Amino acid sequence: MASAPTIPIFAIFAPDSLSMRLQTILLSLGDYRIYTDCAGLNPGDCTAIFSSGLSVEQAQWLGQATIPLVDLRSKADAHSKPNAELSLSSDFYYQDVLEVLYRLQLGQAQTQIEAAGDKQRLVGVSPAVKELRRLSAQVADKAVTVLITGPSGAGKEVVARSLHDLSSRRDAPFVPINCGAIPRELLESELFGHERGAFTGAISSRAGRFELAEGGTLFLDEIGDMPLEMQVKILRVIQERKFERVGSDKTRSADVRIIAATHRNLEEMINAGQFREDLYYRINVFPLRVPALAERPDDIGHLIRALSKQIESEGLGQLRLADSALRSLCSHSWPGNIRELANLLERLVIMYPDSVVGLTDLPENYRYGESDWQPAPLVAQDAAPAGELPALPTDGIDMKAYIQNLEREWISQALASHAGVMSKAAAHLGLRRTTLIEKVRKLGL
């Protein structure tokens, strides 16, 4: 039996229009080799076959080989065929293709991550995320402090939770605290707890985050925003594994694994006297860097899949993006990183519940490529020869009106030929669907 190829190989046996659409989506989602005929291809090398129906020749070529077959169904058959998890209706979108890839265990580009289930939270196929997963797996079960760096909204807490889930402490609590979101006068109480009467308003004793995280993981988010006086106390806990509640002289032990995170440059803060050097070396035993979303555009489609499923599970509705919308989102710089992407998807699913979101449905600052896009040249089968084009009238012509009338006539014919289906009419005319919609509106059709 042939060994599995390093790069997944797909065979696509379908009409040209369907095949080209599927190829475009597959190549935007990963590094795949694609064949559209049997010539020179060994069935045993195929990872999967996408087919709208095998011909006699293709069936003979396949023989007794057992290869996953993804059925490219017509829309009318969408609910009538078995094995629906490996099927695509003819009006598929990139999310449908991505879902099939995940079912083929190719979406994450590594089967072992799928087998790990919810314990592996890091979504993506880019080299940066693969390296982050590798390093996380190496340190997850080690009793050392980890410092996670990266821009705001890039997913530092997701990395921290992944480390906790993959560690031997996974059954104990994961307790996060944002060191920059709590007033400095309350931060000590939040971390270490306090006794009744320790300060004004302390009407009862209260456990702090260190006690709540006993046996588990304490995540110190934005540790670069922690006041200097608190940094001294955190350093002592890391070194001695002991602390006292505010207003108490009783020393308590702290069996916690500490993971810290920051978007700041701590080395620059040390030079400026804003962060303790000794604490920096204590928390930076094993550094992990989370890349900005702009550094990993290959992951955007996979992140949209994961976030869309989360949004749907929360009851907000199902979000579906047209291919044009996906391409546009992949071109955005994402200064707010994954947090910005998640917020945008929530907004879109509320604005367009259970419908397909196209390029023109995106907020204006997320639209890219419309002005740069040019349709593929079409060869008109029944176009008039150059010599039969109408001659320029000697008494002049309103060229703008003439062209506008020609546009109106051709668009009307295309819409009539395709029963008013915009996408098919647009393809016939060599236009983008959104461009055709705009022309129909301007021409009053």
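Residues numbered from 1 in each chain as written. Predicted model: local features only at pLDDT ≥ 70, side-chain atom pairs only at ≥ 80, totals over all residues. Heavy atoms only, no water.

A. Structural view of the sheet that holds strand β4 (residues 69–73). An order of β2-β1-β3-β4-β5 is seen for the 5 strands of this open sheet, with the pairing classed as parallel. Edge positions in the sheet fall to β2 (33–35) and β5 (87–89), since each of these pairs with one other strand and no more. Strand-to-strand twist across the sheet, computed as the mean angle between neighbouring axes with direction ignored, equals 20°. Where strand β1 (residues 9–13) and strand β3 (residues 48–51) come together, 4 bridges link them in parallel fashion. In the strand pairing of β3, Ala11 is matched with Ile49. Sheet strands touched by helix α3 (residues 94–103): β1, β3, β4 and β5. Its angle to β5, the strand with the most contacts, is close to 175°. (Pairing = 2+ DSSP bridges. Helix = DSSP H or I, 4+ residues; strand = E, 2+ residues; numbered from the N terminus. Axes fitted to C-alpha atoms, helices over the stretch in contact; angles between N-to-C directions. Contact = heavy atoms within 4.5 Å.)

B. Up close: the environment of Glu185. Within the fold, Glu185 resides in helix α7 (residues 184–192). Taking the C-alpha atoms as reference, Glu185 lies 9.9 Å from Met230; in sequence the two are 45 residues apart.

C. Layout of the nonpolar core. Counting residues in each nonpolar core, the largest one holds 46 residues, and the members touching the most others are Leu22, Leu26, Phe50, Leu88, Ile304 and Leu321. Every element with two or more residues in this core is listed here: β1, α1 (16–29), β3, β4, α3, α12 (300–313), α13 (323–330) and α14 (337–351). With 7 residues, α14 is the single largest residue contributor to this core. Discounting residues that sit within four places of it in the chain, Leu22 has contacts with Ile12, Phe50, Leu72, Leu88, Phe92 and Val97. Within the second largest apolar cluster, 31 residues are counted, among which are Ile182, Ala213, Leu220 and Ile238. (Core = buried A, V, L, I, M, F, W, Y, C linked by side-chain atoms within 4.5 Å. Buried < 20%, exposed > 50% of the residue type's maximum accessible area, 1.4 Å probe, protein only.)

D. Summary view of the sheet that holds strand β6 (residues 146–149). Strand order in the open sheet formed by 5 strands is β7-β10-β13-β6-β14, and the pairing between neighbours is parallel. At either end of the open sheet lies a strand with only one pairing partner, and these are β7 (174–178) and β14 (286–289). Sheet twist, expressed as the average angle between the axes of neighbouring strands with direction ignored, equals 20°. Alignment of β6 against β14, held across 4 bridges, turns out to be parallel. Note on β14: the bridge partner recorded for Thr149 is Arg289.

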